[in-house]
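Here is how the chains run, residue by residue.
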Amino acid sequence: MMLLLTTIFLSFFHFEPINDNLLSYSGLPLNTIESYASETLKTSKKSSDLPANALPYDFRRIPVDLMVDADAVVRNDSRTFTMHRYLSGTFEVIRSVTILSQSGLEHAKFKFIEDSFSEIDFVRARIFDRFGNETGTANFSDFNSTDSGTGFTEYEALLRGPAFPFTVEVRYQISYSSFMQFPVWMPAGNAVSIEQAEFTIAVPTSEDISYRAFHTEALNPRETRTAQQQRFYWSLQSFYRIRRESNAPSVEELVPRLFSFPNRFLMHNKEGSAQNPESFGKWIQSVQKGRHHLSPEDMELARELRPILPEYQFLYDMLINLEDLRQIRPLIPRPLQLPDTRSLFDFLSKSDENGLKALKPLPDRWELELYWLNREAALRKIAESALKETEISDTEESLASNMEVFQTITDRIFTAIEYRPESLLHTGFLPKMPIDTFNDGFGNANDITYYLRTLLQFARIPAWQAFINTDAQGTSLVTNTDPELHSAFFNHVLLVAVVDADTLWLDPAAQISGFPPAYPGYAASNRPALLVDRNTISMTSTKRLDADENRLVRQATTRILENGHAQSTIETTFYGQQHEFIRHLSQQEESMQQQLLYQRLAIPNYDFREIEVIPNDYSDSAQLHLELDIRGFGVTAAAGNRILFRPNLLERRSSSITALEPRTQPIYINYGYTDEEHLRYILPQGFRIARLPDNVEIQFPLGSYKVSYLPLEDGTLMFRRFIRIESGVIPVEKYGEYIRFMNHVYRIDQEQVILERR
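Bear in mind the structure is a predicted one, so any value in this text is a computation, not a measurement.

Calculation criteria
Residues numbered from 1 in each chain as written. Predicted model: local features only at pLDDT ≥ 70, side-chain atom pairs only at ≥ 80, totals over all residues. Heavy atoms only, no water. Helix = DSSP H or I, 4+ residues; strand = E, 2+ residues; numbered from the N terminus. Buried < 20%, exposed > 50% of the residue type's maximum accessible area, 1.4 Å probe, protein only. Contact = heavy atoms within 4.5 Å. Areas by Shrake-Rupley, 256 points an atom, 1.4 Å probe, with all protein chains shown as cover. Pairing = 2+ DSSP bridges. Axes fitted to C-alpha atoms, helices over the stretch in contact; angles between N-to-C directions. Parallel < 35°, antiparallel > 145°, perpendicular 65-115°, else oblique. Left-handed = near helix turned anticlockwise from the far one by under 90°. Nonpolar A, V, L, I, M, F, W, Y, C, P; charged D, E, K, R; others polar. Salt bridge = Lys/Arg side-chain N within 4 Å of Asp/Glu carboxyl O. Expected span 1.5 Å × (residues − 1). Polar contact = N/O pair within 3.5 Å; in protein donor to acceptor, adjacent residues only side chain to side chain. Phe/Tyr/Trp six-rings, centres within 6.5 Å; stacked < 30°, edge-to-face > 60°. Lys NZ or Arg CZ within 6 Å of the ring centre and 35° of its normal.

Novice: I keep staring at the overall build of the protein chain and nothing clicks. Help me out?
Specialist: Within the protein chain one finds 18 helices and 36 strands. Expressed as a percentage of its 758 residues, the buried residues of the protein chain come to 53%. Considering only contacts in the protein chain between residues 6 or more positions apart, those separated by 24 or more positions represent 74%. Working note: accessible area of the protein chain is about 33,200 Å², and carbon and sulfur atoms make up 47% of it.

Novice: Looking at this structure, how should I read the pairing of strand β2 (residues 89-99)?
Specialist: When a strand is regular, its side chains alternate between the sheet's two faces. Within β2, nine of the 11 residues are buried, leaving the element largely enclosed by the surrounding structure. Relative to β2, strand β1 (residues 72-83) runs antiparallel, the two being bridged by 11 bridges. From the neighbouring strand, S78 faces β2, where its bridge partner is I94. As defined by bridge partners, β2 adjoins strand β8 (residues 166-176) across 11 bridges and the pair is classed as antiparallel. Residue pairing for β8: I94 is matched across the bridge by R171.

Novice: Please explain the packing of helix α10 (residues 402-416) against helix α13 (residues 445-458) as it appears in this structure.
Specialist: As a packed pair, α10 and α13 sit with axes 10 Å apart at the nearest point and diverge in direction by 150°. Here α10 lies roughly antiparallel to α13, going by the angle between them. For the pair α10 and α13, the sense of crossing is right-handed. Along its contact with α10, which presents F406, I409, T410, I413 and F414, the element α13 presents I448, Y451, L452, L455 and L456. Its residues assigned to classes, the contact of α10 with α13 comprises nine nonpolar, one polar and no charged.

Novice: Explain the pattern of salt bridges here, please?
Specialist: Two side chains carrying opposite charge are able to pair once their charged atoms lie near each other. Scanning the entire structure with this criterion turns up 36 salt bridges. The salt bridge involving R642 is made with E756; its shortest N-O contact spans 3.9 Å. Linking R642 in strand β28 (residues 642-645) with E756 in strand β36 (residues 753-757), this pair joins segments that are 114 residues apart in sequence. Taking relative accessible area as the criterion, R642 reaches 38% and is therefore assigned partly exposed. Classification of E756 as buried rests on a relative accessible area of 18%. The salt bridge partner of D749 is R721, with a shortest N-O separation of 3.0 Å. Of the two residues, D749 sits in helix α18 (residues 735-749) while R721 sits in strand β34 (residues 716-725), which places them 28 residues apart along the sequence. Judged by its relative accessible area of 1%, D749 falls in the buried class. Salt bridges linked by common partners bring D548, R551, E676, R724 and E726 together as one network.

Novice: How should the environment of P604 be read in this particular structure?
Specialist: Along the chain, P604 turns up in the loop between α17 (590-600) and β25 (606-615). For P604, a relative accessible area of 60% puts it in the exposed group. The sequence separation of P604 and I630 amounts to 26 residues, and the corresponding C-alpha distance is 8.4 Å.

Novice: Would you mind showing me how to read α13 here?
Specialist: The α-helix advances 3.6 residues per turn, and as a result positions three or four apart in sequence lie on the same side. Between its first and last C-alpha, α13 extends 20 Å over 14 residues, near the 20 Å set by a 1.5 Å rise per residue. Of all 14 residues in α13, 14 are buried, a share of seventy percent or more. Its side-chain oxygen 3.0 Å from the backbone nitrogen of N446, N444 forms the N-cap of α13. Downstream of α13 by one or two residues, R460 has phi in the positive range, about 65°.

Novice: Even after reading the chapter, I still don't get the pairing of strand β21 (residues 528-532), so can you show me in this structure?
Specialist: For β21, the buried fraction is high: five of the five residues fall into the buried class. Here strand β18 (residues 463-468) runs beside β21; their pairing, made up of three bridges, is antiparallel. Across the sheet, the residue bridging to F467 is L530, located in β21. Across five bridges, the pairing between β21 and strand β22 (residues 537-541) is antiparallel. Each residue of the ladder has a partner; that of A529, found in β22, is T540.

Novice: Looking at this model, I keep getting lost on the side chain of S568. Mind explaining?
Specialist: Residue position: S568 is located in strand β24 (residues 566-575). Side-chain polar atoms of S568 contact the side chain of T558, separated by 2.8 Å. Ignoring any residue separated from it by four or fewer positions in sequence, one finds S568 in contact with T557, T558, R609, L626, E627, L628, I630 and L649.

Novice: I tried to follow the sheet that holds strand β11 (residues 222-225) on my own but got confused; where do I start?
Specialist: To summarise the sheet geometry, strands pair through backbone hydrogen bonds and adopt either a parallel or an antiparallel arrangement. Within the open sheet, the eight strands sit side by side as β5-β4-β8-β2-β1-β9-β12-β11. Their pairing is mixed. Because the sheet does not close on itself, it has two edges, and the strands there are β5 (134-139) and β11. Taking each pair of neighbouring strands and ignoring which way they run, the sheet shows an average axis angle of 10°.

Novice: Is there a simple way to explain the packing of aromatic side chains in this structure?
Specialist: Pairs of aromatic rings are described using the distance from one ring centre to the other and the angle between the two planes. One pass over the structure, following the stated rule, counts 35 aromatic pairs. Aromatic side chains Y57 and F128 sit 4.8 Å apart centroid to centroid with 55° between the ring planes, which places their arrangement in the tilted category. Taken as a pair, Y57 in the loop between α1 (33-40) and α2 (64-67) and F128 in strand β4 (residues 118-128) lie far apart in primary sequence, 71 residues in all. On the basis of relative accessible area, F128 is assigned to the buried category, the value being 4%. An angle of 65° between the planes, with centres 4.9 Å apart, marks the rings of F81 and F179 as edge-to-face. In this pair, F81 sits in strand β1 while F179 sits in the loop between β8 and β9 (192-204), placing the two residues 98 residues apart along the sequence. When the ring centre of F122 is taken as origin, the NZ or CZ atom of R124, which lies over that ring, is 4.2 Å away. In this structure, R420 packs its charged tip against the face of F442, placed 3.8 Å from the ring centre.

Structural data, given as structure tokens:
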């Protein structure tokens, strides 16, 4: 959804050529790297026939064992980030990579982003054939640019030669006027080997940095210091490729990776720190200070929703929720004629408890006029004193409930304000003022949640912004479980509100996902979240959707015909993440619905008689009603005396798993779910059940599976299937147990019932 932006990390990219005619090559053919490697590995690390005058980028200079089973080899990756005074910086990169095969082309794509805090100084690229002869060049002007329309521009290009292997060398420099993190360093990737890589951070001696390194056994950290500068240096040599195994954690969890950030930064003229979530949250509060301007229409809405609020209560709410009190001006009758305003102003400046008692006879409108003089501290005393003597009845019929207030405000904003995706770092976490978002009619996640938070608090609904990171998409163990890393890596914002003791999470991206606003979705579930409002900062986690919440419940009735065909009516309710596909389905035309269902359902041949998709607008659930004519549902024996059919109609596993030996990486199940099916089969007239499979129940550490068969006296067969898979990590030593469980499920899912003619 959102990406880590201005701190551009060009380690891995996806690609299309800048210009297909840019390069040409007519060298000798080479069958495969593997065949070359298999021969040369027998004798030496490098080719025995390497000429003495071989060019630097001749692929034969690469140690052969670095090429075996690799898609690409990084020849050199040198990165230096230099922090200048005023906390600006320069990022210089030289990266050369040899692409060995078609699957390695993703490592020849380069992407850059410019925004209000960064500027690309130059990009120079050179392309070399397999023997290191230069065959083409490219400059920054050759890169395709895309204006996001939300404050940043993206540039990208694929640099490639006409034959494998070829080498790409790219040199570039980016200048930063402000930054809050250094580029993430991860020179290796899936099936990528490293000859040489290094990362240097240079900062003035008056500054310091924090960093977190993973798989540090492969890194060689060093620090040096002079009178003016200290340098932090990491290097990586002769790193052999890691190819991610099926169902393993993301490759980012398997290769060396370095996160780093300055202990202080300067952005929007506000100094901050990303050392921990609390310090970063305080900086966000400082950036937001004084940006609480609501429109007169919003404030009037709040008053309509709270019609019995006494004037003192209303004033007090505004004082504790809004930084700049002048925004109440449209609500004050003008002009007000008050005697001797200046003397009252002076008196209030010195007021004590006795003075406040002396002010009690003042009309409410005089106190509003004193507010107009911007004496917040004095007015707060007046409001607090008045509240002690004011009783508020929540039983009045005219008072809207908290849920009514919440729904009215959120519906208004979600309907009126268009959500536009944009990463937080492009705006430096600076939200628009609510009145500007109101007038513009659009905003990013930060703008919309800040607007919601301000108006909800104005209406006395507790609300916070929840800053999260969505890049991991549930596949990253580190990003999901290490909240300290999130301080400078947040890229999305949710709103969290407490309404009648219920905690509700609202995602502005629901506008484009089609999900209910209060449903966090797969990309926002189970994420460390930094909660921020005007006064509080705390670390929590977004809602975790576990196997019980990601549930499928199905009821189906299938009438089996004598010719082996069938007619089926299926009612399925999907909950949690299981309902996301159905949400997507509900937004499609009927022809596309049929196409998507054909891809999903396990039935081989059928026609749709009816499709009805019913998403629940107020919860994470949806219903799917299907009526099907199934051709060849059962296999009929000679003369139609027998019918064989699989009672597991829709959710059966399609294939077994072949064990990978030796397995070196753990199994990572990032999605827990539960399927519960109750399927009723009406048998054809004149047939009886000749064979039923056995009832089965099996367990393994992160799952359970159960099927049962129950013939009934009315000539029907009840089939029940239950499977539950928990999210979690299965260590390598449990790999065989996992394989046996999943393959056992596959075999049982294929079991058949045999009917025979009486």
